[in-house]
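Here are the chains, one letter per residue:
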Amino acid sequence: MPGEPWWKSAVVYQIYPRSFADSDGDGVGDLEGIRRHLDHLEWLGVDAVWISPFFRSPMADFGYDVADYCGVDPLFGTLEDFGRLVEEAHERGLRVLVDWVPNHSSDRHPWFVESRSSRDSPKRDWYLWVDGTADQPPNNWKAAFSQTEPAWTWDDATGQWYLHLFLPQQPDLNWRNPDVVGAMHETLRFWLDRGVDGFRMDVIHALVKKEGYPDVDDPWLSTDRFDEPATHERIRAFRRLLDGYPGDRVSVGEVFILSTAKVAEYYGDNDELHLAFNFPPLFAPWDTAKWRTRIDRVVEEFDPRGAWPTWVLSNHDNPRHRTRYGGSEATARAAAVLLLTLRGTPFLYQGEELGLLDADVPPDRRVDPGGRDGSRAPIPWDVSPTHGWGDRAEPWLPFPPEADVRNVEAERADPTSVLHLYRRLLAARHDSDALRLGTWQQLPSPDGVLAYERVLDDDRRVVIVNFTDADRTVSVGGDWTVDVASDGAGEGGRYAGAVAGDQAVVLRPP
Ligand code: TEU
């Protein structure tokens, strides 16, 4: 639509580069692997990719521990590979977002190495150092993955504690220090100058910590540790920086606060984040009433601010939605219809278009300190025994279940597959201004069913999602044609006034 930024109508596809595609057969995906599989993304019909971190890293948190914000880790390739990837993606009309991890660096980042070297280091104040004694951490804050370990590590050599909300190998940067702000702005410019279309911004709500580091009630989750006015100021500066570039560069903040009202605040007065993840729906069970409440919260909190919502069911930090909802493919299909027809920008996670389940990772192959390996399994590309991964080395994690049939090659050949459903849904969005940008209005529906209408000018669509496994009569008034059905049934035919169990449909005027 003319006048609207591209990211409002876009569908964004998350690539976790270790697990997407491997071009050199070492068992770990890489940038060249992504480039070689751009045809899959183009065929599917997504508009943008967000690539999880590929920067130089000791990989304590698989790339979310960055040792050089402006360098590619050799495991993933080179800066030239990245340049080629961006160029080719752009040629195909795909935008590219990179994952910016500003809250913390790696403990091997030269900044931290310097900071740690002495109390007098010019970079001492780039991180969060606090006095104390080795036997008593400065407060009760806990680190994210362990839930029991303190968020502080004692440095014997210099006799102070440093803060890390995540692993000890991920020291938090001091965002109250203007030199840190300046240096991190440079890293944004570095990628913007290389043509990236925007950033996913990691744990963005946590940048500035509460002064005095007070004890909190919930030492692991509490947002009383951060979510500070100064963080909003920092984000406004990122916004000015991005908006200073041509071409609607976008910021998508990971605001990991389970309050939709709080998430909405990070859009500011249309002067902070362009988009923010809102995770309460991701953590909701597959239940009509729960989803209705989560959607209502978004409408109430986002609409008055003119904030544009985002929707996400799966990512690299959580079990895949098919796994979370109990494993049923029919439910996963219905959820895809919901995800791709709500008002806002949907985010897909690599492999959900194949209906993948989490991999069952045996204890001796588990590697993630946060226990998140299952959803990070490699993408099976073809029907061969190695599924398109090299025969030189085993992939770094085992394949997800049923990879012999649930792979790109097999599903492309099968018009009834989950992959084809995603493609039809993306095509339906491309064909409909209402689905991409229209209003959202709930329609009356029986228990266990969510029905809504999307409208923009003369364009209308009706969506019906049956959360139950029983057939339901749903009359929506007037004549409608089935545009997309989650199970493919009746597409192109007249809507007969009922949905089957676990079915979701998109209806268009005849
Ligand atoms: O995640 C932040 C975050 O809050 C979640 O990691 C959550 O705490 C965790 O998944 C619970 O198991 C981001 C990234 O998405 C994640 O992969 C990184 O590990 C984390 O930041 C640190 O950079």
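Scoring rules and cut-offs
Residues numbered from 1 in each chain as written. Predicted model: local features only at pLDDT ≥ 70, side-chain atom pairs only at ≥ 80, totals over all residues. Heavy atoms only, no water. Axes fitted to C-alpha atoms, helices over the stretch in contact; angles between N-to-C directions. Helix = DSSP H or I, 4+ residues; strand = E, 2+ residues; numbered from the N terminus. Parallel < 35°, antiparallel > 145°, perpendicular 65-115°, else oblique. Left-handed = near helix turned anticlockwise from the far one by under 90°. Contact = heavy atoms within 4.5 Å. Nonpolar A, V, L, I, M, F, W, Y, C, P; charged D, E, K, R; others polar. Domains from an automatic or database assignment. Buried area = accessible area lost by both parts, 1.4 Å probe. Salt bridge = Lys/Arg side-chain N within 4 Å of Asp/Glu carboxyl O. Polar contact = N/O pair within 3.5 Å; in protein donor to acceptor, adjacent residues only side chain to side chain. Near = heavy atom within 4 Å. Areas by Shrake-Rupley, 256 points an atom, 1.4 Å probe, with all protein chains shown as cover. Buried < 20%, exposed > 50% of the residue type's maximum accessible area, 1.4 Å probe, protein only. Arc of directions from axis to C-beta. Pairing = 2+ DSSP bridges. Phe/Tyr/Trp six-rings, centres within 6.5 Å; stacked < 30°, edge-to-face > 60°. Lys NZ or Arg CZ within 6 Å of the ring centre and 35° of its normal.

Asks: Even after reading the chapter, I still don't get the packing of helix H7 (residues 178-193) against helix H8 (residues 229-243), so can you show me in this structure?
Replies: Angle between the axes and distance between the axes: these two values describe a pair of packed helices. Across the interface, H7 lies against H8 with an axial gap of 11 Å and an inter-helix angle of 30°. In terms of their interaxial angle, H7 and H8 are classed as roughly parallel. The element H7 and its partner H8 pack so that their crossing is right-handed. Every residue of H8 that contacts H7 at Val181, His185, Leu188, Arg189 and Leu192 is listed here: Arg234, Ala237, Phe238, Leu241 and Leu242. Here the residues of the contact of H7 with H8 sort into 7 nonpolar, 1 polar and 2 charged.

Asks: Just checking my understanding: could you explain the domain arrangement of the protein for this structure?
Replies: For an interface, size is often stated in terms of accessible area lost upon the parts coming together. If you check the domain split of the protein, you get domain 1 (6-100 + 178-426), domain 2 (110-163) and domain 3 (439-508). In this assembly, 20 residues from domain 1 lie in contact with 22 residues from domain 3. The junction of domain 1 with domain 3 conceals about 1,700 Å² of combined surface from both sides, 63% of it contributed by carbon and sulfur atoms. Along the contact surface separating domain 1 from domain 3 lie 1 salt bridge. A salt bridge links Arg424 to Glu491, with the shortest nitrogen-to-oxygen separation between them at 2.9 Å. Along the contact surface separating domain 1 from domain 3 lie 7 residue pairs in polar contact (both at pLDDT 80 or more). Listed by contribution, the elements that provide at least two residues to the side of domain 1 that touches domain 3 are helix H11 (288-302), helix H13 (329-339) and helix H15 (418-431).

Asks: Could you clarify how one ought to interpret the site of the ligand in this entry?
Replies: Around the ligand sit 15 residues, and of these Asp61, His104, Asp202, His316 and Asp317 come closest. Between Asp61 and the ligand, the recorded distance is 2.5 Å, taken from a side-chain N or O atom to an oxygen atom. Take His104: an N or O atom from its side chain is 2.9 Å from an oxygen atom of the ligand. Protein contacts shield 90% of the accessible area of the ligand, which totals 490 Å² for the unbound molecule. When its residues are assigned to classes, the shell around the ligand shows 5 nonpolar, 3 polar and 7 charged.

Asks: Which parts of the structure should I look at to understand helix H6 (residues 110-117)?
Replies: Along an α-helix, residues three or four apart share an orientation, since each turn contains 3.6 residues. Taken together, the buried positions of H6 are occupied by Trp111, Phe112 and Ser115. The arc enclosing the buried residues of H6, seen along the axis, measures out at 90°, which places them on a common side. In this structure, the buried residues of H6 make contact with strand E4 (68-72), strand E6 (129-130), strand E8 (160-163) and H7.

Asks: What is the right way to read the pairing of strand E18 (residues 481-485) from this model?
Replies: Here E18 lies mainly inside the structure; 5 of its 5 residues are buried. Strand direction decides the pairing type here: E18 and strand E20 (residues 504-508), joined by 4 bridges, are antiparallel. Residue Ala485 lies in a different strand from E20, and its bridge partner there is Val505.

Asks: Explanation requested: the packing of H13 against H15 in the structure shown.
Replies: Following both chains from N to C, one finds H13 and H15 inclined at 15°, their axes separated by 10 Å at the closest point. Taken together, the axis directions place H13 and H15 in an arrangement best described as roughly parallel. By crossing handedness, the relation of H13 to H15 is classed as right-handed. Of the residues in H15, those in contact with Glu329, Arg333, Ala336 and Val337 of H13 are Val418, Leu421, Tyr422 and Leu425.

Asks: What exactly am I supposed to notice about the sheet that holds strand E5 (residues 95-100) here?
Replies: With respect to topology, 8 strands assemble into an open sheet ordered E11-E10-E9-E5-E2-E1-E13-E12, the strand pairing being parallel. The sheet terminates laterally at strand E11 (275-276) and strand E12 (310-312), the two strands that pair on one side only. Judged from the 4 bridges that link them, E5 and strand E9 (residues 198-201) form a sheet pairing that is parallel. Looking across to E9, one finds that Trp100 is bridged to Met201. Sitting on the sheet, helix H5 (residues 79-91) is in contact with strand E2 (48-51) and E5, with an inclination near 140° to E5.

Asks: How should I be thinking about the packing of aromatic side chains in this particular structure?
Replies: Two measures describe an aromatic ring pair: the distance that separates the ring centres and the angle between the ring planes. A full pass over the atoms with the stated rule returns 36 aromatic pairs. Centroid distance Trp141 to Tyr213: 5.7 Å. Interplanar angle 80°. Geometry classified as edge-to-face. Of the two residues, Trp141 sits in the loop between E6 and strand E7 (152-155) while Tyr213 sits in the loop between E9 and H8, which places them 72 residues apart along the sequence. Residue placement shows Arg194 over the ring face of Phe190; its charged tip is 3.7 Å from the ring centre. Here the guanidinium or amino end of Arg324 rests over the ring plane of Tyr325, the centre of that ring lying 5.4 Å away.

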